[in-house]
Amino acid sequence: MFIPVNEPIISQEAKDNLAEAINSGWISSAGKYLSEFETNFAKIYGVKHAIAVSNGTAALHVALLSLGIKAGDEIIVPAFTMAASWMAVLYTGAKPIFVDCELETYNIDPDKIEKKITAHTKAIMPVHIYGHPCEMNKIMNLAQKYKLMIIEDAAEAHGATYQGKLAGIFGDISCFSFYGNKIITTGEGGIIITNSDTLAEKCRKIKDLHHSAKRFVHDGIGYNYRLTNMQAAIGVGELKHLDEYVNKKLWIAKLYSELLVNIPGLKLPTTKTGVKNVFWMYAILIYPKKFGLSRDNLKIELKNRGVDTRDFFYSPSDQPVLKDIINAERFPNTELVASNGLYLPSGLTMTEEKIKFVCQQIKKIKLTK
Ligand SMILES: *Cc1c(COP(=O)(O)O)cnc(C)c1O
């Protein structure tokens, strides 16, 4: 048995739509599926605008530019996140200001944000790590107090809710990814949502070469970050299954948590009250002394037994490209979880048999230590 860390499911609707898009000849960045995908996504989130783009990183770049972020500005970002969150800030010339994570959820610690705010701070970028929503009340209060904008990175959190509201509707603007391992995929893809007409208009221009009202006359710098009609066709089909996919993720997490409960040295994911965690990935932390072996050794032993896993994101302190930006600053929680965390196979194709197999291997490995 070999169990990959992720395997996507592509629904029959998505396949049929894709064939239809190809057969229609509308294979590039115009076509009915693009507007349908944007409309359907906006409807689910109850927002005025959804702008499809080529990937989640591009979504963040465009969203930051639409907010007017530029060199000299500072953006508060989590120290524990996927690189795209802070890379997009670097693209604009602004400086990412890293804030350490909470140990409970691995999300940005809202109580550590305020002391990082300066006269140059323009926005906060909460990232809903592994599908667990951030403490949006505290973050929104800070944004209000200091007149900061919020850009949510909801790339891992399709369908997650905070106090009954979908993660992604709190920010001035929010971004999602449809990469192959995300809860909804279009192969590669991304989308930006906002209620602001002005921001939406800017995003549409920035993601497509900044044409002016007169097409092929350009009144600003834009990029080619367009999604194709083929990808949108897949998206339209997949979006119909959002609830089903989220429920599958919840089922996977519940089974893992039942089978891995009470193993000394393993921290299983927790969910704060008032939120719906969608468990994009089932992420565990290993306390090496109590568990009997390190994360890296557990990873190797699992691989030998046919179980693929992934390390957590690395800390900014371990990113050569950030050396001059973080100035030797340390992020104790992020560093701790980065070196001791891994996630287990969590793809939508997981079965009870596979989950049991993974858990049995972990228990067997633990027994031999
Ligand atoms: C996946 C991801 C992104 C980037 O999305 P891509 O579509 O891969 O460019 C951004 N932020 C987070 C938190 C992600 O997990």
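The coordinates are above.
All values derive from a computational prediction rather than experimental measurement.

Q: Looking at this structure, how should I read the site of the ligand?
A: The immediate surroundings of the ligand are formed by 15 residues, with T57, D153, E156, S177 and K182 found nearest. In this structure, T57 approaches the ligand through a side-chain N or O atom, which is 2.5 Å from an oxygen atom. For the ligand, whose accessible area on its own is 380 Å², the fraction buried by protein is 94%. Here the residues of the shell around the ligand sort into 5 nonpolar, 7 polar and 3 charged.

Q: Help me understand helix α8 (residues 242–260) in this model?
A: Structurally, the α-helix is built with 3.6 residues per turn, so residues lying three or four positions apart point the same way. The end-to-end C-alpha separation of α8 is 27 Å, in line with the 27 Å expected for 19 residues at 1.5 Å each. For α8, the elements touching its buried residues are α2 (32–45), α7 (229–239), β11 (275–276), β12 (282–286), β14 (341–344) and α13 (352–367). Positive phi shows up at N262, right after α8, with a value of about 65°.

Q: How do you make sense of the side chain of D73 when you look at a structure like this?
A: Mapped onto the fold, D73 is located in the loop between α3 (56–66) and β2 (74–78). The exposure class of D73 is buried, given its relative accessible area of 5%. There is a polar contact of 2.8 Å between the side chain of D73 and the backbone nitrogen of K70. Those residues in contact with D73, other than ones at most four positions away along the chain, are G68, A94, K95, H120 and K122.

Q: Mind showing me how you'd approach the pairing of β12 here?
A: Across a regular strand the side chains alternate sides, sitting on one face of the sheet and then on the other. With respect to burial, β12 is a largely interior element, 5 of its 5 residues being buried. The alternating pattern of β12 places Y282, I284 and I286 and A283 and L285 on opposite faces, both of which are buried. Bridge analysis of strand β10 (residues 266–267) against β12 gives 2 bridges, and the strand direction is antiparallel. Looking across to β12, one finds that L266 is bridged to I286. Where β12 lies against β14, 4 bridges are found, and the strand directions are antiparallel. Bridge assignment links I284 to a residue of β14, and that residue is L342.

Q: Please explain a negative patch on the surface as it appears in this structure.
A: On the surface, a cluster of negative charge is contributed by E13, D16, D243 and E244. Breaking the negative patch down by element, the ones donating at least two residues are α1 (12–24) and α8. Here E244 lies in helix α8.

Q: Explanation requested: the packing of α3 against helix α6 (residues 197–206) in the structure shown.
A: In helix packing, the relevant descriptors are the interaxial angle and the interaxial distance, both defined with respect to the helix axes. Here α3 crosses α6 at 125°, and the two axes come no closer than 9 Å. Here α3 is positioned oblique relative to α6, judged by the angle of their axes. Crossing hand, α3 versus α6: right-handed. Counted together, V62, A63, L65 and S66 of α3 and L199, K202, C203 and I206 of α6 form the full contact between these two elements.

Q: Is there a simple way to explain the pattern of salt bridges in this structure?
A: Oppositely charged side chains can form a pair if their charged atoms are brought close together. In the structure shown here, the tally under the stated rule is 22 salt bridges. Notably, a salt bridge pairs K254 with E258, separated by 3.3 Å at the nearest N-O pair. Separated by 4 residues within a single helix, K254 and E258 lie in helix α8, roughly one turn from each other. Where salt bridges share partners, they join R295, D296, K299 and D311 into one cluster.

Cut-offs used in this document
- Along every chain, residues carry numbers that run from 1 in the direction the sequence is written.
- Reporting of local features is limited, given that this is a predicted model, to residues whose pLDDT is at least 70; pairs of side-chain atoms are given and counted only at 80 or more, and all residues count toward the totals for whole chains, interfaces and linings.
- Side-chain numbers come from the whole structure's heavy atoms, not from hydrogens or water.
- Definition of nearness: a residue and a molecule or strand are near each other if at least one heavy atom of the residue lies within 4 Å of the molecule or strand.
- In protein, a polar contact means a hydrogen-donor-capable atom and an acceptor-capable atom, both N or O and within 3.5 Å, with residues adjacent in sequence counting only if both atoms are side-chain atoms; elsewhere, any N or O pair within 3.5 Å suffices.
- Accessible surface is estimated by sampling points in the Shrake-Rupley manner with a 1.4 Å probe; for residues, cover comes only from the protein chains shown.
- The nonpolar class holds Ala, Val, Leu, Ile, Met, Phe, Trp, Tyr, Cys and Pro. Asp, Glu, Lys and Arg form the charged class, and all remaining residues, Gly among them, are polar.
- Only runs of H or I of at least four residues qualify as helices and only runs of E of at least two qualify as strands under DSSP, and these elements are numbered from the N terminus.
- Here a helix's expected span is defined as the number of its residues, less one, multiplied by 1.5 Å.
- We call two residues in contact when some of their heavy atoms are within 4.5 Å.
- Only protein chains enter the accessibility calculation, which uses a 1.4 Å probe; a residue whose area is less than 20% of its type maximum is buried, one above 50% is exposed, and one in between is partly exposed.
- Should DSSP find at least two bridges between two strands, the strands are regarded as paired.
- Only residues whose relative accessible area exceeds 30% and that form no salt bridge enter a patch; like-charged residues are grouped when within 9 Å of one another, and nonpolar side chains (Val, Leu, Ile, Met, Phe, Trp, Tyr) when within 5 Å.
- Salt bridge, as applied in this entry: a Lys or Arg side-chain nitrogen positioned within 4 Å of an Asp or Glu carboxyl oxygen.
- Here the positive residues are Lys and Arg and the negative ones are Asp and Glu; neither His nor the chain ends is included.
- For charged residues, the charge sits on one atom: NZ in Lys, CZ in Arg, CG in Asp, CD in Glu.
- The axes used here are C-alpha line fits, helices contributing only the stretch in contact, and every angle between their N-to-C directions lies in the interval 0 to 180 degrees.
- The scheme is simple: roughly parallel for angles under 35 degrees, roughly antiparallel for over 145, roughly perpendicular for 65 to 115, oblique for anything else.
- Left-handed describes a crossing in which the near helix is turned anticlockwise from the far one by less than a right angle; the clockwise case is right-handed.

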